[in-house]
Amino acid sequence: MPTIESSKKDLEELIGKKFSKEELEEALLGVKGELDGIEEDALKIDVKETNRPDLWSTEGIARELRAYIGKEKGIPKYKVFKGKRKAFIDKKLEGIRPKGAYAEVRNVNVTEEVLLQIIQLQEKICQSFGKKREQVAIGVFDLDKVKGNVRYFAATPSLEFVPLGFSENMSLREILIKHPKGKEYGQLIEKFEKFPLLVDENKEVLSMPPVINSEGSGKITTKTKNLFVDVTGFNQELVDVALKIMCMALADRKGKIYSVELNYGNKKIISPQFRKEKIVFPFKEVNDLLGTEFNAKEVITLMEKKRMQGSIKGKNLTAEFGDYRKDIIHPWDVIEEIAIAFDYNKLEPEALNVFTLGSVREETNKTKETRELCVGFGLQEIASNHLSSKEIQRKKMNLNEDFVEIANPVSLNWEIFRKNLLPESLDFLSKNKNTSFPQKIFEVGRTIELNERKETGVEEKWKLCICVSHSKTNFNEVKSILEAVARERKTGFKLKEERIAFFEEGKSALIQFNSGKKGFIGEVNEKVLGNFGLETKVSVIEIET
Amino acid sequence: MEKKWIHSPRLDTITMVEVTAKKYSRKLSKTELWKKLPKKMMYQTFSTIIDHLTEAKKIRLNEQGKVEWILIKEGQKETSEEKTAGIPAGKETETIKKELNKEILQEKTTELNDSEKNTVFELSEIERKALKVLGKERKELSVQELSEKAGIELDSARRSIQWLNEKRLGKARIQKEVFVVLGEEGLKALKTGLPEKKFLGGLGNTWKKISEIKAIPKQEINIALGNAKKKGLIELKKEQELEIKITGKGKEFLEKKSEEELMLEKINEKEVNENSFDAKEKEVLKFLGFRKNFLKHKEKGNEFIQITKKGLSGIPLLETQKERKYNLMDPVEEVFPGKKQPYFKFVDEIKQKLVSLGFKEMENPLIVQEFYNFDVLFQPQNHPARTWTDTYKLKKPEYGKLPDKKIVEAVKQAHENGGKAESKGWKYNWNEKIASQLMPSAHGTAHSARQLVKGVEVPGKYFTIARCFRPDVVDATHLIEFNQMEGFVAGENFTFRKLLGLLKEFAVEIAGAEKVKFLPDYYPFTEPSCQLNALHPKLGWVEFGGAGIFRAEITENLGIKEKCLAWGLGMDRLAMFKLGLNDVRELFSQNLDWLRKGI
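Everything numeric here is computed off the predicted structure, so don't read it as measured data. (Residues numbered from 1 in each chain as written. Chains lettered and ligands numbered in written order. Predicted model: local features only at pLDDT ≥ 70, side-chain atom pairs only at ≥ 80, totals over all residues. Heavy atoms only, no water.)

J.: For this particular structure, what's the right way to read the overall build of chain A?
T.: Helix and strand content of chain A: 15 helices and 29 strands. The C-alpha radius of gyration computed for chain A amounts to 33 Å, which surpasses the reference 24 Å derived for 545 residues by more than 25%, pointing to a less compact arrangement than a globule. Along the first, second and third principal axes, the C-alpha atoms of chain A reach 95 × 65 × 50 Å. The buried share of chain A, reckoned over its 545 residues, is 56%. Taking contacts inside chain A between residues at least 6 apart in sequence as the whole, the part at least 24 apart equals 68%. (Helix = DSSP H or I, 4+ residues; strand = E, 2+ residues; numbered from the N terminus. Rg over C-alpha atoms; globule rule 2.2 N^0.38 Å. Buried < 20%, exposed > 50% of the residue type's maximum accessible area, 1.4 Å probe, protein only. Contact = heavy atoms within 4.5 Å.)

J.: Can you help me understand the interface of chain B and chain A in this one?
T.: Interfaces are often described in size by the accessible area the parts lose on coming together. The partner chain A presents 89 residues to the 101 residues of chain B that form the contact. For the pair chain B and chain A, the summed buried surface comes to about 8,600 Å²; carbon and sulfur atoms form 56% of the total. At the surface where chain B touches chain A, the tally comes to 8 salt bridges. Ionic pairing is found between Glu405 of chain A and Lys395 of chain B, a salt bridge with its closest N-O pair at 3.4 Å. The greatest single-element share of the side of chain B that touches chain A, amounting to 7 residues, is contributed by helix α22 (residues 496–510) of chain B. Its residues placed into classes, the side of chain B that touches chain A shows 46 nonpolar, 22 polar and 33 charged. The pairing of strand β22 (residues 405–406) of chain A with strand β12 (residues 394–396) of chain B spans 2 bridges and is classified as antiparallel. Note that in β12 of chain B the partner of Glu405 of chain A across the bridge is Lys396 of chain B. (Buried area = accessible area lost by both parts, 1.4 Å probe. Salt bridge = Lys/Arg side-chain N within 4 Å of Asp/Glu carboxyl O. Nonpolar A, V, L, I, M, F, W, Y, C, P; charged D, E, K, R; others polar. Pairing = 2+ DSSP bridges.)

J.: Teacher, can you tell me more about helix α6 (residues 114–121) of chain B here?
T.: It helps to recall that an α-helix has 3.6 residues per turn; residues three or four apart then point in one direction. Every buried residue of α6 of chain B is listed here: Glu116, Thr119, Val120 and Phe121 of chain B. The backbone nitrogen of Glu116 of chain B has a side-chain oxygen 2.7 Å away, supplied by the residue at the start of α6 of chain B, namely Asn113 of chain B. (Polar contact = N/O pair within 3.5 Å; in protein donor to acceptor, adjacent residues only side chain to side chain.)

J.: Mind showing me how you'd approach the nonpolar core here?
T.: General note: in soluble globular proteins, nonpolar side chains tend to be found buried as a group. Counting 73 residues, the largest nonpolar core has Met485, Phe506, Phe544 and Trp567 of chain B as the members making the most contacts within it. Ranked by residues supplied to this core, first place goes to α22 of chain B with 8 residues. Those residues within four positions of Met485 of chain B in sequence are excluded, and the remaining contacts are Ile350, Leu354, Thr464, Ile465, Phe506, Ile510, Trp567, Gly568, Leu569, Met571 and Leu574 of chain B. Membership of the second largest hydrophobic core comes to 53 residues, among which are Ala101, Val108 and Leu243 of chain A together with Leu519 of chain B. (Core = buried A, V, L, I, M, F, W, Y, C linked by side-chain atoms within 4.5 Å.)

J.: Explanation requested: the state of the cysteines in the structure shown.
T.: Note on terminology: a disulfide is the covalent bond linking the sulfur atoms of two cysteines. Following the criterion strictly, the structure yields 0 disulfides over all chains and no others. Looking at Cys247 of chain A, it has no disulfide partner, and the nearest cysteine sulfur is the one in Cys126 of chain A, 14 Å off. Residue classification places Cys247 of chain A among the buried residues on the basis of a relative accessible area of 0%. Of the cysteine sulfurs around Cys468 of chain B, a residue in no disulfide, the closest is that of Cys530 of chain B, at 19 Å. (Disulfide = S-S within 2.5 Å.)

J.: How should I be thinking about empty space enclosed by the protein in this particular structure?
T.: In this approach the atoms are scanned with a rolling probe the size of a water molecule, which exposes any empty space left behind. This model, assessed by the stated rule, comprises 8 cavities of 30 Å³ or more. Approximately 430 Å³ is the volume found for the largest cavity. What lines the largest cavity is a set of 25 residues, among which Arg446 and Trp462 of chain A together with Phe344, Val347 and Lys351 of chain B lie closest to the centre. Counting only elements with at least two residues in the lining of the largest cavity, the list comes to α11 (362–376) and β24 (439–450) of chain A together with α17 (342–356) and β14 (460–469) of chain B. For the lining of the largest cavity, the per-class residue count stands at 7 nonpolar, 7 polar and 11 charged. Approximately 120 Å³ is the volume found for the second largest cavity. In terms of lining residues, the second largest cavity is bounded by 15 residues, among which Asp327 and Asp333 of chain A together with Tyr522, Glu527 and Arg551 of chain B are the most central. The residue inventory of the lining of the second largest cavity, partitioned by class, reads 5 nonpolar, 1 polar and 9 charged. (1 Å grid on protein atoms, 1.4 Å probe; cavity = no way out; pocket = protein on both sides within 12 Å on 5 of 7 lines; lining within 4 Å. Points joined across faces, edges and corners; volume = space filled by probe spheres on them.)

J.: Help me understand the domain arrangement of chain B in this model?
T.: Residue and element names in this part refer to chain B. Domains assigned within chain B are domain 1 (11–80), domain 2 (95–194 + 258–333) and domain 3 (345–593). In this complex, domain 1 contributes 11 residues to the contact, which on the side of domain 2 involves 10 residues. Summed over both partners, the interface of domain 1 with domain 2 buries about 880 Å², with 54% contributed by carbon and sulfur atoms. When the area that domain 1 buries against domain 2 is broken down by residue, the three leading residues are Leu11, His52 and Glu55, summing to 51%. Counting across the domain 1 and domain 2 interface gives 1 salt bridge. Going through the elements one at a time, α1 (11–23) and α3 (43–55) are the ones with two or more residues in the side of domain 1 that touches domain 2. (Domains from an automatic or database assignment.)

J.: What should I look at first to understand the pairing of strand β4 (residues 170–182) of chain B in this one?
T.: When a strand is regular, its side chains alternate between the sheet's two faces. Residues and elements named next belong to chain B. Counting buried residues in β4 gives 10 out of 13 residues, a clear majority hidden from the surface. Looking at chain direction, β4 and strand β9 (residues 295–307) are connected through 13 bridges and run antiparallel. Looking at the pairing, Ile174 lines up with Glu303 of β9.

J.: What exactly am I supposed to notice about the domain arrangement of chain A here?
T.: Here chain A is described as being made up of domain 1 (3–68), domain 2 (80–271), domain 3 (276–346) and domain 4 (362–544). Between domain 2 of chain A and domain 3 of chain A, the C-alpha centre-to-centre distance is 36 Å.

J.: Explain the sheet that holds strand β3 (residues 42–47) of chain A here, please?
T.: Strands in a sheet are paired, the pairing made by backbone hydrogen bonds, and the direction either parallel or antiparallel. Residue and element names in this part refer to chain A. Strand order in this open sheet of 3 strands is β1-β3-β2, and the pairing throughout is antiparallel. The open sheet has two free edges, formed respectively by β1 (3–7) and β2 (33–39), since each of these has just one partner strand. On average, each strand axis in the sheet is inclined to that of its neighbour by 25°, with strand direction left out of account. Relative to β3, β2 runs antiparallel, the two sharing 6 bridges. (Axes fitted to C-alpha atoms, helices over the stretch in contact; angles between N-to-C directions.)

J.: Teacher, can you tell me more about unusual backbone geometry here?
T.: Glycine aside, residues mostly have negative phi, and peptide bonds are mostly found in the trans state. Cis peptide bonds are those with omega within 30 degrees of zero, and the linkage from Pro209 of chain A to Pro210 of chain A qualifies with -5°. By the element assignment, Pro210 of chain A lies in the loop between β12 (205–208) and β13 (212–213). The omega torsion across Ser271 of chain A and Pro272 of chain A is -5°, close enough to zero to call that bond cis. Mapping Pro272 of chain A onto the fold places it in the loop between β16 (267–271) and β17 (276–282). With a phi angle near 65°, Phe378 of chain B is a residue other than glycine that sits in the positive phi range. Within the element layout of this structure, Phe378 of chain B appears in the loop between α18 (370–375) and β12. Judged by its relative accessible area of 1%, Phe378 of chain B falls in the buried class.

J.: Quick question: what am I supposed to make of helix α4 (residues 112–129) of chain A here?
T.: Residues and elements named next belong to chain A. Here α4 contains 18 residues, and its C-alpha end-to-end distance of 25 Å stays within 8% of the 26 Å for a straight helix at 1.5 Å per residue. For α4, every residue scored as buried is listed here: Val114, Leu115, Gln117, Ile118, Gln120, Leu121, Gln122, Ile125, Cys126 and Phe129. The inward-facing, buried residues of α4 contact β1, α3 (58–68), β7 (136–142), β14 (227–233) and α7 (236–251). Downstream of α4 by a residue or two, Lys131 has a phi angle that is positive, lying close to 50°. (Expected span 1.5 Å × (residues − 1).)

Right, dumping it as structure tokens:
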């Protein structure tokens, strides 16, 4: 979910209307936007659409809202003047970064705010829509410094130019090693023998996509009037969409768009081209999905508020929209726009009025019974996390076992899944040493262990762990509880004396219920108590429930 | 209020508060008093002490909200009170201690007046136990000894020391004691042996050149050599360089554990009170202490008490008085009932409510295949939410099994070209391997996805309370694990308006909200999508979660013709709303005191 920074004044000027904070919040619903922050003139707007890069700038939000509040309607129109420039795209870029798209935008009023917006839009598109520049990388240049036709080709890494922010020539290879952007994005091209490079007729370098522009033409200031936009990537459709979105934003700043002729060998493409796309479906689907009774006229008006055009032919509704929108792939995408244009809160919620028989899972009933039984014993229920640390589960417990493990933990505290509940219960006790004794706690929760035979390679088990802590507690105290549990469950059990790493020797046993469930019982030994910093004895039962 | 303190208050800090409270009696409020303390302390600790002093009827908060000292009893002069109030620390008490000892050794008793007799009759159970032990032992006991001998918990022993001291039946003091622990080198020697042992062990049976000795670092060789020679453990000769050979005595030495080693083992990883060593052991300690970084000393304050003349005189009263005379106002031992954890209790209630509304609970495993978490839900494999930073992956095990081939194929088609739905799909090559990767479920919708694959009754209502995992930073609104109340309903003629109706019902029936609001929202798996907000009388508008109609690409490709209205609400948010909490961490509080009393 991109967060867009805007100037309120700038946004209002672009829309042509002033807003109070409440009015603005209301209006932003039209772009699935939420006001995340407002500080005098500075706005932070969360735009929830991850598939609408056209909305990731003040210009884009204003464009959409002009229609939403009724100042304009239908598909936004952008004129492209015929330009003279050609771009030659080298076949040898195949596999490296083969697609490019270019345009000129002249007479742009580049203020400080516009500059910020150009950079923001460019970055948001590259990061999110362009998958961190892999799919789409954008460069914006001072057109007046670009001479004649441009050539995009695979260059030898020893070639040199002055990268943005530096004052000396560096070879392409050096840039990948030394330049901050080279270090960040170099991995996208470093594996190739040749690197992508964009040069003008005088062989002056414009940029090394997707890494860095040149200091010469890649520097835009408030004095720049005419711009050259370059987009590269792997898929012509994506590259074109990004170029169009950049051009639309600049044209909204009074710029005039001029085309560039793309030359892929003999194949020529005029760039950019603003076209319409359409989707056709039965009109009935609108009311069927929403539960409304809109007529055709109402629906068409609502579509126009969302920058679409609608028409009816027979029983079908045709929805047309600008081809910069790649998020509409199904009729329901259009119907949602209709509902938003109408306002969700004006749709009367309707009761389901469908009767079905409810039920909980067997494990829910069973665990609830167990927990109620424990409350009856006078035990306090606690809750701990399923994720735990090797420190708690393994080291402090004196164990050396395998756990289900996270590949990308954010902290060593939450690196593995618990296999037993006891370690976290002891950790709980260690945090409550100054609370009055006796302390009697229990937890019923899920544990996870490796099991190849299962569909997910793991087995999830519900377990009950009871810890009783005071200076005179012992094995027999918890054995009484165990017997009561078994009695209530109407199952017998056997104890088998066993050395268990975290229990006192001779005071621990494995539990085998006649029902097949297992568990352990014992007094926590001094070493493990010490590991948890506990000073008072703890006796334990932990069983599968 | 949740009380948090790391250390329970010590007697000297209690004394400090007492003295200050008395000095400024009736002049300061609780907070002002806290600020007036000669030494700073945590407010929670201070609060605990104030509670304690109130309980002990030493102070009270008067009508003006000021702290008032109230302990002055009839017939007692304030000056004498001042002398004995609180517990003096350290050496200042030496003289008093001696005097008392004399009296007690002579078994001098005194006649108690009525007020003093009452004090004895009104003693609590732990005080009686403690006093009896003190009377029997006739010597000063540490808090640990008292706890052990009287058979009471450590914190009870601590309390009884304080109380008996206040009632002047016992005389308490704090003494700094020194504890011995192993230093870095000491611990190393404990594990790998003393340097001279390592050195001797590395010699073998023949003459060895000094340059060949590897068992200990160069800088330690000279010391080891000197020591060993002095004790006659080695012979030395000089040819081109110094050569060394172990003697018979040396071999003996190697086999037997030295006193120093035994001492290292005795101390081990514990903290040992210096006073617990006998004279011979202290000698050994001295030698160990010469070795660099072998030993460390820690100072700790410990509490001691011995009986006073009055205490001794009261003991016969304890013996004769079979039934303790109860003071109805006396504080009694706190007991706590067994209780459910408040969040789990809330979950129980929600489940019951949902069942009564006709919902069936779905399976909700903690570990799922990406297939269910993303692919079935039409979330493309290059979607930003599927990256390393947004969701957890498993290191072990890595891959799981996918369901029936037909279903896998249907999902593949949905992604690549929309499949049976009137959709363009995402136009890329779908990869089965990615889909079979395992992860802790990142949202409850993974379980709805599994239900959609398993089959759906029409009409059908499904729910689960799911534990979800995302690599977020923990703060007041985010936990490392969180919970969603998730589900969907499927039925003929279901519409978006009916979804809004269902959401409204949840907000009103389950959370007790007064008003709801719907905002447009985006989810990769629903269209239309919305966000549910509810109005709380105190908290204002609260975001509950998201909802929408499962995309046709999902349902139609799984052979479900009816519309499925789906939602995922933040269960923790719901619980906070209902329980009136504003920090989500309280829901899963690890504070036993709060769980017992707080909610």
